[in-house]
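# Architecture at a glance
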Amino acid sequence: MDDRQFGIFKDLGFDDVTSETMTNDYWKARAAEALALTTQDREVYGCLDHTKGEGLTIYDVEGTEYLDMTGGVAVRAFGVRYKPQLEFESKINDVIRELPGMDFDAIPQTLLAEKLASIVPGDQKRRVVFTTSGGRAVEGCMKSAMDLSGKHRFVAFRPAFHGRTGYALSLTASNSKHKTGFPQGVDVVRVFYPYCYRCPYGQEEESCNLECVEALRQALEVEGNDIAATVMEPICGEGGIIVPPSKAVQGMYKVTKEFGGYFMSDEVQAGMGRTGKWFAIENHGVVPDYISMAKALGGGYPLGASIGPAPMFTGPSRHSETFSAEPRMSLISLWVLKHIEDGGFLRKNAEHGAHLLKRLKELVEKHEVAGDARGIGFMAGIEFVKDKKSKARAPKIRDQIVKHLVAKERLWILGAGPNAIRFTPSYVITTEQIDDAIDRLDRAIKAVTA
Ligand SMILES: Cc1ncc(COP(=O)(O)O)c(C=O)c1O
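Residues numbered from 1 in each chain as written. Predicted model: local features only at pLDDT ≥ 70, side-chain atom pairs only at ≥ 80, totals over all residues.

### So, the overall build of the protein chain
Helices and strands together make up the secondary structure of the protein chain, namely 14 helices and 15 strands. Summarising its shape, the C-alpha atoms of the protein chain cover approximately 65 × 60 × 45 Å along the three principal directions. The buried share of the protein chain, reckoned over its 450 residues, is 47%. At a minimum sequence separation of 6, the contacts of the protein chain that also span at least 24 residues come to 72%. (Helix = DSSP H or I, 4+ residues; strand = E, 2+ residues; numbered from the N terminus. Buried ≥ 20, exposed ≤ 12 C-beta atoms within 10 Å, placed from the backbone. Contact = placed C-beta atoms within 7 Å.)

Structure follows, in structure tokens:
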């Protein structure tokens, strides 16, 4: 942070944001006293410097430089301080903000809704509801499915992450810390996510009879089949970067349809071009009725969207959110979508993602504790085990590797599920940066298992 930045804090009345207080420990201690909680371990991560960084390079307040593999948890499509985006943002500085998007019409939100409807798979007539978070994008779809079907029961998976609020939390099942003590908002029929590395039915992907799909059919037969929708992540993100086989996703879709439910793809993390297709569900050849999206959609600003079959709601005022599709954010989102197209990022993400997966698979060949590597595009991960034969989960080894990566290798990286590490970098990553990140991970695995 420089004198100009300290000056901003001084103008705001804070004399204590100075070069003397620029230590991670100092600001982490203050954060711990002020903020109710954090989802990540403060022992592992420093306090980020919000004034510094470019591309995939970010800094903590002590000036330590990191290579960022999280993309701000899949938010930053183009990294930090992306010049073309900054230029566009400066052009629209005079745009009026927060014209309440669901109360009154304005052009940006209409164009964005039309654009989203044009890129989602399928050719049925769609409508869009905008939100300011991923969880509420999920809930917009859920409320619509309940409104249109008159039913209130959902199918969701284990593991699954769909958000931490209200109805979305009812679908989430990736860590008891998220759920214990909070009541279900809606009834959920829960089935195993198709997770071939650890098939809960003891099958192999190549020869299975889709026992996971059959389990859904059985669950609906015995638990209640009045489902509004099945909600599925096309790649399970938070739960451990699990890529389901397309035949299983197609099977879940088919059974859902047999029972008269809508099928919803939660693309909050995997969507917006991350996998090399606009929406990750396209990798499975399924056309969902609903898609929830957020994160990269807003180009770094809080914007989400629920898209579903027209009319989506049975009447006006059935749903609303004050800050939805704020005009400036809508324009930035339109810019992000156009830039993904103009810059050929769908192709680039597919190609670079394939390279990333190839390199992760090399680590699986090389290290006994690296059990499996999976991914499509920039939704990639590696799972850690005690040994390859037992496949026993190794959460401690994973945690030590993450800690080592951040502290020693300066790789800003996140876990996923109990024992995986995820890679959700910004789309501007280069082959050299991918190789560099893999080398750092290779060294970290060696150091931790030595
Ligand atoms: C698939 C999925 N759905 C929903 C959410 C919730 O998004 P938010 O934290 O913006 O509410 C997330 C967040 O990681 C997610 O990965």
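### Remarks on the site of the ligand
In the vicinity of the ligand lie 14 residues, with Gly-134, Gly-135, Gly-163, Val-268 and Gln-269 positioned nearest. With three residues, helix α6 (residues 134-149) is the largest single contributor of residues to the shell around the ligand. Across the shell around the ligand, the residue classes tally to four nonpolar, seven polar and three charged. (Near = placed C-beta within 6 Å. Nonpolar A, V, L, I, M, F, W, Y, C, P; charged D, E, K, R; others polar.)

### Some remarks on the domain arrangement of the protein chain
On domain assignment, one finds that the protein chain holds domain 1 (3-82 + 345-449) and domain 2 (107-342). Distance between the C-alpha centres of domain 1 and domain 2: 26 Å. Counting residues at the interface gives 25 residues for domain 1, matched by 28 residues for domain 2. Of all the elements, helix α12 (residues 345-366) adds the most residues to the side of domain 1 that touches domain 2, at five residues. For the side of domain 1 that touches domain 2, the class distribution of residues is 13 nonpolar, six polar and six charged. (Domains from an automatic or database assignment.)

### Examining helix α11 (residues 327-342)
Relative to the 22 Å expected for 16 residues at 1.5 Å per residue, α11 spans 22 Å between its end C-alpha atoms, a close match to the ideal helical length. Of all the residues in α11, the buried ones are Met-329, Ser-330, Leu-331, Ile-332, Ser-333, Val-336, Leu-337 and Ile-340. The elements touched by buried residues of α11 are α4 (83-91), α5 (107-119) and α12. Just beyond α11, the residue with positive phi is Gly-344, at close to 65 degrees. (Expected span 1.5 Å × (residues − 1).)

### What to know about the sheet that holds strand β3 (residues 65-68)
Pairing within the open sheet is mixed, and its four strands lie in the order β1-β2-β3-β13. Two strands lie at the open edges of the sheet, namely β1 (48-54) and β13 (411-412), each paired on one side alone. Pairing geometry for β1 and strand β2 (residues 57-60), over three bridges, is antiparallel. Within the sheet, the bridge partner assigned to Leu-48 lies in β2 and is Asp-60. (Pairing = 2+ DSSP bridges.)

### What about the packing of helix α9 (residues 211-223) against helix α10 (residues 246-258)?
Helices that pack against each other are described as a pair by the angle of their axes relative to one another and the distance between those axes. For the pair α9 and α10, the least separation of the axes is 9 Å and the interaxial angle reads 20 degrees. It follows that α9 is roughly parallel to α10 by the angle criterion. Once α9 is placed against α10, the crossing between them reads as right-handed. On α10, the residues touching Cys-212, Val-213, Leu-216 and Arg-217 of α9 are Ala-248, Gly-251, Met-252 and Val-255. Residues of the contact of α9 with α10, tallied by class, amount to six nonpolar, one polar and one charged. (Axes fitted to C-alpha atoms, helices over the stretch in contact; angles between N-to-C directions. Parallel < 35°, antiparallel > 145°, perpendicular 65-115°, else oblique. Left-handed = near helix turned anticlockwise from the far one by under 90°.)

### Thoughts on the packing of α12 against helix α14 (residues 431-449)
Close contact between α12 and α14 brings their axes to 10 Å; oriented N to C, the two are set at 20 degrees. One way to sum up the angle between α12 and α14 is to call them roughly parallel. Our pair here, α12 against α14, has a crossing hand that is right-handed. Two secondary-structure elements touch here, α12 through His-352, His-355, Leu-356, Arg-359 and Leu-363 and α14 through Thr-431, Ile-434, Asp-435, Ile-438, Leu-441, Asp-442 and Ile-445. Here the residues of the contact of α12 with α14 sort into six nonpolar, three polar and three charged.

### So, the nonpolar core
Of all hydrophobic cores here, the largest spans 124 residues; its most connected members are Phe-154, Ala-156, Ala-229, Ile-235, Ala-305, Leu-411 and Ile-413. The greatest single-element share of this core, amounting to seven residues, is contributed by α14. Both domain 1 (3-82 + 345-449) and domain 2 (107-342) contribute no fewer than three residues apiece to this core. Sequence-distant contacts of Ala-305, defined by excluding residues within four places in its chain, comprise Leu-116, Val-128, Val-129, Phe-130, Thr-131, Ala-137, Met-293 and Leu-297. (Core = buried A, V, L, I, M, F, W, Y, C linked by C-beta atoms within 7 Å.)

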